[in-house]
Amino acid sequence: MESQSQFVDIFDSSLNLEETHYKEGYDEGYKDGLVAGKEDAKQVGLKSGFEIGEELGFYRGCINLWNSAMKVALAHFSTRIQNSIKQMEDLIDRYPLLDPEDESIQVIMDSLRLKFRS
């Protein structure tokens, strides 16, 4: 009777071999994926953060230039243009630089882009 139970145990491990390797491979891949995913996310975050900062800096530079030009020759800027510049400046001031998860970010960026084109 004892030889029968040893016989079953030998085949039992052979039958579960594929499942065991699958689970080990999945667990190992999952851990490696977490590490690689965090690094990839960091790189994407740095890249997109730089691009947004560059765009905001461009708009701020344009506004500073226009404000300086208005101090010299205000008559050359219509009321509509002056209002647009002021609205762009307000949008940049409202941009949440230290809160990247703020939901208003995309709305502000879209509004800035629209104002700049007009």
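The shown structure was predicted, so the numbers you read here are calculated from the model rather than taken from an experiment.

Per the stated rule, a full pass over the model turns up 7 salt bridges. The salt bridge involving Asp-27 is made with Lys-23; its shortest N-O contact spans 3.3 Å. With Asp-27 and Lys-23 both in helix H2 (residues 17-72) and 4 residues apart, the pair spans about one turn of that helix. Using a relative accessible area of 32% as the deciding quantity, one classes Asp-27 as partly exposed. A salt bridge links Glu-89 to Arg-60; its shortest N-O distance comes to 3.7 Å.

The computed volume of the largest pocket comes to approximately 220 Å³. Looking at the largest pocket, the residues that line it are Gly-45, Ser-48, Gly-49, Ile-52, Gly-53, Leu-56, Tyr-95, Pro-96, Leu-97, Asp-99, Pro-100 and Ile-105. For the lining of the largest pocket, a count of residues per class yields 7 nonpolar, 4 polar and 1 charged.

We now examine helix H4 (residues 105-117). Between its first and last C-alpha atoms H4 spans 19 Å; for 13 residues at 1.5 Å apiece the expected length is 18 Å, and the two agree. The inward-facing, buried residues of H4 abut H2 and helix H3 (79-94).

Let us now look at H2. For H2, built from 56 residues, the straight-helix expectation of 82 Å at 1.5 Å per residue is met to within 8% by its first-to-last C-alpha distance of 82 Å. If you check which residues of H2 are buried, you get Glu-55, Leu-56, Tyr-59, Cys-62, Ile-63, Asn-67 and Met-70.

Turning to the nonpolar core, a few remarks are in order. Tyr-95 and Leu-112 are the most contacted members of the largest nonpolar core, which has 14 residues in total. Elements that contribute at least two residues to this core include exactly H2, H3 and H4. Sequence-distant contacts of Leu-112, defined by excluding residues within four places in its chain, comprise Leu-56, Tyr-59, Met-88, Leu-91 and Ile-92.

What follows deals with the UniProt feature "domain: Essential protein Yae1 N-terminal" (unreviewed entry) in the chain. When the UniProt feature table is mapped onto this chain, "domain: Essential protein Yae1 N-terminal" (unreviewed entry) is found at residues 25-63. Helix makes up 100% of residues 25-63 and strand 0%. Its end C-alpha atoms lie 56 Å apart.

So, about the packing of aromatic side chains. Counting across every chain of the model gives 5 aromatic pairs. Judged by centre distance (6.3 Å) and plane angle (20 degrees), the ring pair of Tyr-26 and Tyr-30 falls under stacked. Taken together, the residues span about one helical turn, with Tyr-26 and Tyr-30 both in helix H2 at a distance of 4 residues. The interplanar angle of 70 degrees and the centroid separation of 5.3 Å between the aromatic rings of Phe-58 and Phe-116 together place this pair among those described as edge-to-face. Placement of Phe-58 in helix H2 and of Phe-116 in helix H4 is noted, with a sequence separation of 58 residues between them. Note on Phe-58: relative accessible area 46%, which makes it partly exposed. With relative accessibility at 30%, the residue Phe-116 sits in the partly exposed group. One aromatic cluster in this structure is built from Phe-58, Tyr-59, Trp-66 and Phe-116.

How each quantity is defined
Residues numbered from 1 in each chain as written. Predicted model: local features only at pLDDT ≥ 70, side-chain atom pairs only at ≥ 80, totals over all residues. Heavy atoms only, no water. Salt bridge = Lys/Arg side-chain N within 4 Å of Asp/Glu carboxyl O. Helix = DSSP H or I, 4+ residues; strand = E, 2+ residues; numbered from the N terminus. Buried < 20%, exposed > 50% of the residue type's maximum accessible area, 1.4 Å probe, protein only. 1 Å grid on protein atoms, 1.4 Å probe; cavity = no way out; pocket = protein on both sides within 12 Å on 5 of 7 lines; lining within 4 Å. Points joined across faces, edges and corners; volume = space filled by probe spheres on them. Nonpolar A, V, L, I, M, F, W, Y, C, P; charged D, E, K, R; others polar. Expected span 1.5 Å × (residues − 1). Contact = heavy atoms within 4.5 Å. Core = buried A, V, L, I, M, F, W, Y, C linked by side-chain atoms within 4.5 Å. UniProt positions renumbered as here; feature names shortened; annotations may be inferred. Phe/Tyr/Trp six-rings, centres within 6.5 Å; stacked < 30°, edge-to-face > 60°.

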